[in-house]
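Now for the letters of each chain:
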Amino acid sequence: MVASSPPALAAMIIFKTKNHRISGQRASADIRQYHGRVTGHQLRLYNSLGRRIEDFTASADVVGLYSCGPTVYSFAHLGNLRAYVFADTLRRAMRWKGLAVRHVINITDVGHAVADSDTGEDKLEVAAAKERRTVAEIADFYTEAFFADITALNVLPADVYPRASEYVGQMIEFAVRLEERGYTYQIPSGLYFDTSKSPGYGELAMMDIAGQREAARVEYVEGRRHKTDFALWRTEEPGVRRVMRWESPWGWGAPGWHLECSVMSMALLGEHFDIHTGGIDHRELHHVNEIAQSQAYLGDDRPWVPYWLHNEFLLLNNAKIAKSSGPVPRLADLTEAGYHPLAYRLFLLGGHYRSQLDFTPHAVDAAQVTLRRLVTRVTALRPLPRVETYTQGCAALAAMGDAAGDKAALAYLDQIDEAISLDLATPKVLAALQEALRDSQVTSAGLRVVVAVADTLLGLRLADLDPADLDRRSATDLDQAERAVIERLVAERIQARSEKNWHRADEIRTELDHLGVQVTDTPTGPTWHLR
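Source: prediction; values computed, not measured.

(A) Spotlight on the sheet that holds strand β15 (residues 314-316). Strand order in this open sheet of 3 strands is β16-β15-β17, and the pairing throughout is mixed. The sheet is open, and its two borders are formed by β16 (319-320) and β17 (357-358), each paired with just one other strand. As paired strands, β15 and β16 are joined by 2 bridges and run antiparallel to one another. Bridging across to β16, Leu316 finds its partner in Ala319.

(B) Spotlight on helix α1 (residues 78-96). With 19 residues, α1 extends 27 Å between its outermost C-alpha atoms, agreeing within 8% with the 27 Å of an ideal straight helix rising 1.5 Å per residue. Counted residue by residue, α1 has 17 buried out of 19 residues, so it is predominantly covered. Just downstream of α1, Gly98 is the residue with a positive phi angle, here 80°.

(C) The arrangement of the sheet that holds strand β9 (residues 184-187) in detail. Pairing is antiparallel in the open sheet, where 4 strands are placed in the order β9-β10-β11-β12. Strands with a single pairing partner mark the edges of an open sheet, and in this sheet they are β9 and β12 (253-255). Averaged over all adjacent pairs, the angle separating strand axes in this sheet is 25°, with direction ignored. Where strand β11 (residues 230-235) lies against β12, 3 bridges are found, and the strand directions are antiparallel. Considered in β12, the bridge of Trp233 is made with Pro255.

(D) Quick look at the pairing of strand β5 (residues 44-47). Looking at chain direction, β5 and strand β6 (residues 52-55) are connected through 4 bridges and run antiparallel. Across the sheet, residue Asn47 finds its bridge partner in β6, namely Arg52. A loop of 4 residues connects β5 with β6, the two strands running antiparallel in sequence, and Gly50 in this loop sits at a positive phi of about 115°.

(E) Just the pairing of strand β14 (residues 307-311), in detail. The element β14 is extensively covered by neighbouring structure, given that 5 of its 5 residues are classed as buried. By the alternation rule, side chains of β14 split into Tyr307, Leu309 and Asn311 and Trp308 and His310, which are all buried. Pairing geometry for strand β13 (residues 275-279) and β14, over 5 bridges, is parallel. Counterpart to Thr277 in the pairing with β14 is Leu309. Regarding the hand of the β-α-β motif, the stretch spanning β13, helix α7 (residues 286-298) and β14 is right-handed.

(F) Layout of unusual backbone geometry. For the peptide bond that leads from Arg382 to Pro383, omega is 0°, which places it in the cis range. Position of Pro383 among the secondary structure elements: in the loop between α10 (361-379) and α11 (390-398). Although it is not a glycine, Asn317 adopts a positive phi angle of roughly 55°. Structurally, the position occupied by Asn317 is in the loop between β15 and β16. Within the chain, Asn318 stands out as a residue other than glycine whose phi angle is a positive 65°.

(G) How the structure looks around the nonpolar core. Counting 141 residues, the largest nonpolar core has Phe56, Met94 and Tyr344 as the members making the most contacts within it. A per-element tally of this core places α1 first, with 10 residues. Aside from chain neighbours lying at most four places away, what touches Met94 is Leu43, Leu45, Phe56, Val63, Leu99, Val101 and Ile275. Ranked by size, the runner-up nonpolar core spans 10 residues in total, among them Ile486, Val490, Val517 and Val519.

(H) How the structure looks around the environment of Asp455. With respect to the secondary-structure elements, Asp455 resides in helix α14 (residues 444-458). Given a relative accessible area of 11%, Asp455 falls into the buried group. Along the primary structure Asp455 and Arg92 are separated by 363 residues, whereas in three dimensions their C-alpha atoms are 9.9 Å apart. With sequence-adjacent residues up to four places away left out, Asp455 is seen in contact with Arg92, Leu460, Arg461, Leu462 and Ala463. Within polar-contact distance, the side chain of Asp455 engages the backbone nitrogen of Leu462 at 2.9 Å.

(I) Molecular detail of the packing of α1 against helix α12 (residues 407-421). At a minimum axis distance of 11 Å, the contact between α1 and α12 shows a crossing angle of 130°. Put simply, α1 runs oblique to α12. Crossing geometry of α1 relative to α12 is assigned as left-handed. Every residue of α12 that contacts α1 at Thr89, Ala93 and Trp96 is listed here: Leu413, Asp417 and Ile420. Of the residues contributing to the contact of α1 with α12, the split by class is 4 nonpolar, 1 polar and 1 charged.

(J) Fine view of the pattern of salt bridges. On inspection of all chains with the given rule, the structure shows 21 salt bridges. Taking the shortest distance from any N to any O, the salt bridge between Arg52 and Glu54 comes out at 2.9 Å. Under the relative-accessibility criterion, Glu54 is labelled buried at 17%. For Glu131, the salt bridge is made with Arg133, and the minimal N-O distance between the two is 4.0 Å. We classify Glu131 as partly exposed; its relative accessible area is 23%. Here the salt bridges do not stand alone but share partners, grouping Arg488, Glu492, Arg504, Glu507 and Glu511 into one network.

(K) Structural detail: the packing of aromatic side chains. Considering all chains together, one arrives at 20 aromatic pairs under this definition. Seen in terms of ring centroids, Trp96 and Tyr390 are 5.8 Å apart; in terms of plane orientation they differ by 80°. Their pairing is edge-to-face. A residue pair is termed long-range when its members are at least 10 positions apart, and Trp96 in helix α1 and Tyr390 in helix α11 qualify at 294 residues. Across the pair, Tyr390 and Trp96 agree in class, each one buried. Relative to Tyr297, the ring of Phe174 has its centre 4.1 Å away and its plane inclined at 5°; by these criteria the two rings are stacked. One end of the pair, Phe174, is in helix α4 (residues 168-180); the other, Tyr297, is in helix α7, with 123 residues separating them in the sequence. Grouped by ring-pair contacts, the aromatic residues Tyr66, Phe273, Trp304 and Trp308 constitute a single cluster. Above the face of the Phe141 ring, Arg133 is positioned so that its terminal group lies 4.7 Å from the ring centre.

The rules behind the values
Residues numbered from 1 in each chain as written. Predicted model: local features only at pLDDT ≥ 70, side-chain atom pairs only at ≥ 80, totals over all residues. Heavy atoms only, no water. Pairing = 2+ DSSP bridges. Helix = DSSP H or I, 4+ residues; strand = E, 2+ residues; numbered from the N terminus. Expected span 1.5 Å × (residues − 1). Buried < 20%, exposed > 50% of the residue type's maximum accessible area, 1.4 Å probe, protein only. Axes fitted to C-alpha atoms, helices over the stretch in contact; angles between N-to-C directions. Right-handed = clockwise from strand over helix to strand, strands pointing away. Core = buried A, V, L, I, M, F, W, Y, C linked by side-chain atoms within 4.5 Å. Contact = heavy atoms within 4.5 Å. Polar contact = N/O pair within 3.5 Å; in protein donor to acceptor, adjacent residues only side chain to side chain. Parallel < 35°, antiparallel > 145°, perpendicular 65-115°, else oblique. Left-handed = near helix turned anticlockwise from the far one by under 90°. Nonpolar A, V, L, I, M, F, W, Y, C, P; charged D, E, K, R; others polar. Salt bridge = Lys/Arg side-chain N within 4 Å of Asp/Glu carboxyl O. Phe/Tyr/Trp six-rings, centres within 6.5 Å; stacked < 30°, edge-to-face > 60°. Lys NZ or Arg CZ within 6 Å of the ring centre and 35° of its normal.

Spelled out as structure tokens, the structure:
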């Protein structure tokens with residue numbers, strides 16, 4: 001229970017409305033001016049570059065945010081998707097602070113070799129051969145599957161999703177400049193970056209150069225000078241013709257994996273931008289190499305990107321979820337088992353992004369129950385106001401009519417703002433929301449604002465999600481006749497598609513949709529589950 005307004009709301013501010021002026025409250029100490037906007041508590045983020053929490057200061061009016069995207073050779077698993085829920089939370093927090101953001105998520109459709117190595121086959125070429133499709137078909141199919149997953153998780157769309165294959169020309173130009181500056185050497189397998197010429201190489205990983213080289217991958221590459229040197233360009237082996245190949249000054253071949261992110265981020269966000277995000281595994285190698293090649297390319301004695309943020313692993317049976325270890329759980333597996341995708345989002349938000357999370361059926365069960373309880377409680381408060389920024393939240397409470405507004409609601413707004421401002425503490429945001437929903441001192445009008453504020457940060461769709469959507473249903477809930485109808489329609493749709501009768505196939509999909517059945521097309525055929 002909250003009995004009084006927080007210190008952060010101790011001074012007065014005037015909000016103007018269409019017909020009158022209403023007094024609200026504002027902190028003279030804790031509410032700070034940031035690029036001319038009132039934003040509440042200072043946004044502070046854990047910077048992997050230095051391993052410390054720092055005040056975030058944008059370099060321009062629009063924050064440049066780059067997130068490492070998927071390699072589209074297979075379905076994203078649940079661990080992969082954590083990175084995009086995390087980046088989405090960061091983006092929502094910045095919107096809450098009144099900051100405009102330009103967000104770029106790349107699509108890796110070339111250059112990523114098997115086992116993240118510098119030699120060997122490209123992951124997409126291997127997948128294409130395995131599934132008897134073209135590389136383009138593989139890339140398109142798994143890119144759309146990725147988009148479907150992040151849409152189901154209510155991840156805000158990025159401003160741009162560049163494909164690596166569309167930037168190979170710029171990658172070649174980038175590598176040529178590094179060569180001209182003396183940072184490279186050529187060996188039979190390609191053009192390599194010489195990490196011994198990169199001052200501070202490995203700083204992000206917080207390892208001394210000797211230690212970094214000793215801990216580097218043990219893949220043997222003939223002619224490579226140091227273990228940490230990495231490929232900028234992978235030249236075709238004699239007598240071997242790649243499916244994806246481009247002509248370059250170093251022969252026909254394909255770009256190295258690390259090159260694409262430097263090139264695409266600079267092309268779309270400028271040579272220097274504010275924040276780079278990714279999974280914790282990238283902190284030790286991929287991002288280290290991005291920094292080395294980018295700072296060598298720019299040569300301006302400035303840090304390439306000032307803030308580096310990484311989310312921790314999702315664990316299954318006390319081990320990192322990884323495709324290399326065998327079958328891995330996907331979002332489609334959860335929905336097929338009757339879980340709502342946003343229950344998985346809530347599960348992720350219930351842990352801090354920098355903490356490892358154990359994925360268990362019990363944990364997802366609990367998340368589904370909690371989400372249903374939240375949605376059921378909030379339904380009576382709808383419609384919720386549209387509140388996306390701290391200033392809008394304060395104004396919405398102040399506009400409720402009395403001079404002080406709803407003091408208890410103001411206190412919860414401050415709690416939520418403080419939590420999200422301190423390195424995206426989503427568990428504390430959830431705790432404040434649940435406490436507010438139980439607090440009899442909060443008026444209905446004030447509670448509407450608090451719920452809207454929490455939801456703009458958490459992205460759980462509390463404003464429109466139907467409680468019935470959260471009743472766990474699975475195929476086992478169907479009787480024999482219901483299952484037979486669904487199986488018949490799915491079979492008819494397969495037949496229509498094989499005959500290229502797209503109109504009939506779409507009609508059947510609509511029929512299935514009306515039955516509450518979601519159909520997902522996979523390389524091995526369609527699967528279905530109850531929504």
